[in-house]
Amino acid sequence: RQITYYNDISEPLPFDIILALSKRLNNAPIRFSIVANNLHRFNLRFDEKEPEFESSTNNETTGQETSDWYSSAGDNILRHLTLGMELMPFDSFSFRLGYNYRRRQELGVADRMSSVGLSWGIGLKISKFEFHYGRSHYHLAGSQNHITVGTYLDQLF
C-alpha cells in the first residue's frame, strides 16, 4: 500500500512472482542458477507499434501466423528467465557470470549488440571481510558497477 501520495494520486505498486533454483555440483566447485520472474504475466514482449497507413492491397493471411506464434511463445518464455553460474575454486574466491535474455532483447541495439544482457562479478574473502565487485551491461551507452564490502558481526567481535 502506498503511504504517501505524490500530487494526491495513488499509483500502483510493482508486483512480481519469482521462482529461483540453484544447484551446486557435488564434486566440482560450480553452482548453476536459474531465476524465473514475472510469472504472473506471460506476455513480456514490448512490441513497438508501427504507424498505420492506408493501403490499397488486399490483406490476406499468409500462413506465417503459426510460425510467428511459436517464435513469440519461445521468446516470451526466455524473457522470464535469468541464467547464472558461479565458479568457486577456493573458499576465499569466486567468479560469477549471468545472462538476462529480456534485457538483451529490450535494451540492445540491433546493429551492435555487444555484451548487453551479460553480467559478471568476483568475490574475495580476506580475513573477516568479504569484497565483491559486479558489472552489469545494460546498454552500449554504459554499464553499472557494484561494489560490496561485508562482514558477519558475530565473527567480527
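The text that follows walks through the structure, step by step, so that each part is easy to find. (Residues numbered from 1 in each chain as written. Predicted model: local features only at pLDDT ≥ 70, side-chain atom pairs only at ≥ 80, totals over all residues. Heavy atoms only, no water.)

So, about the overall build of the protein chain. Per the secondary structure count, the protein chain includes three helices and seven strands. Helices and strands appear in the protein chain in the N-to-C order β-β-α-β-β-α-β-β-β-α. For the protein chain, the proportion of its 157 residues judged to be buried stands at 17%. Put simply, of all contacts in the protein chain between residues at least 6 apart along the chain, 40% involve residues at least 24 apart. Summing over all exposed atoms, the protein chain offers an accessible surface of approximately 12700 Å²; the carbon and sulfur share of this is 57%. (Helix = DSSP H or I, 4+ residues; strand = E, 2+ residues; numbered from the N terminus. Buried < 20%, exposed > 50% of the residue type's maximum accessible area, 1.4 Å probe, protein only. Contact = heavy atoms within 4.5 Å. Areas by Shrake-Rupley, 256 points an atom, 1.4 Å probe, with all protein chains shown as cover.)

What follows concerns the pattern of salt bridges. According to the stated counting rule, one finds five salt bridges in the structure shown. Notably, a salt bridge pairs Arg79 with Glu106, separated by 3.4 Å at the nearest N-O pair. Note that Arg79 is positioned in helix 1 (residues 65-79) and Glu106 in helix 2 (residues 101-107), a separation of 27 residues in sequence. Residue Arg79 is classed as buried on the basis of its relative accessible area, which comes to 9%. The class of Glu106 is partly exposed, set by a relative accessible area of 36%. With its nearest N and O atoms 3.1 Å apart, the salt bridge here joins Arg102 to Glu106. Of this pair, Arg102 and Glu106 both sit in helix 2, four residues apart, roughly one helical turn. (Salt bridge = Lys/Arg side-chain N within 4 Å of Asp/Glu carboxyl O.)

Turning to the sheet that holds strand 3 (residues 81-90), a few remarks are in order. One open sheet holds the seven strands; their spatial order is 1-2-3-4-5-6-7, and the pairing between them is antiparallel. If you trace the sheet from one side to the other, it starts and ends with strand 1 (19-24) and strand 7 (142-151), each paired once. On average, each strand axis in the sheet is tilted by 15° relative to the strand beside it, whichever way the strands run. Strand direction decides the pairing type here: strand 6 (residues 129-139) and strand 7, joined by ten bridges, are antiparallel. Bridge assignment links Tyr133 to a residue of strand 7, and that residue is Ile147. (Pairing = 2+ DSSP bridges. Axes fitted to C-alpha atoms, helices over the stretch in contact; angles between N-to-C directions.)

Once that is clear, we can look at the side chain of Asn100. Along the chain, the position of Asn100 falls in strand 4 (residues 93-100). In terms of polar contacts, Asn100 uses its side chain to reach the backbone amide nitrogen of Arg102, at 3.1 Å. (Polar contact = N/O pair within 3.5 Å; in protein donor to acceptor, adjacent residues only side chain to side chain.)

As a further point, take the layout of surface pockets. Quantified by volume, the largest pocket comes out at close to 310 Å³. Lining the largest pocket are 17 residues; nearest its centre among them are Leu83, Gly84, Leu97, Gly98 and Ser119. Broken down by secondary-structure element, the contributors of at least two residues to the lining of the largest pocket are strand 2 (30-36), strand 3, strand 4 and strand 5 (118-126). Here the lining of the largest pocket is built from residues that sort into five nonpolar, eight polar and four charged. (1 Å grid on protein atoms, 1.4 Å probe; cavity = no way out; pocket = protein on both sides within 12 Å on 5 of 7 lines; lining within 4 Å. Points joined across faces, edges and corners; volume = space filled by probe spheres on them. Nonpolar A, V, L, I, M, F, W, Y, C, P; charged D, E, K, R; others polar.)

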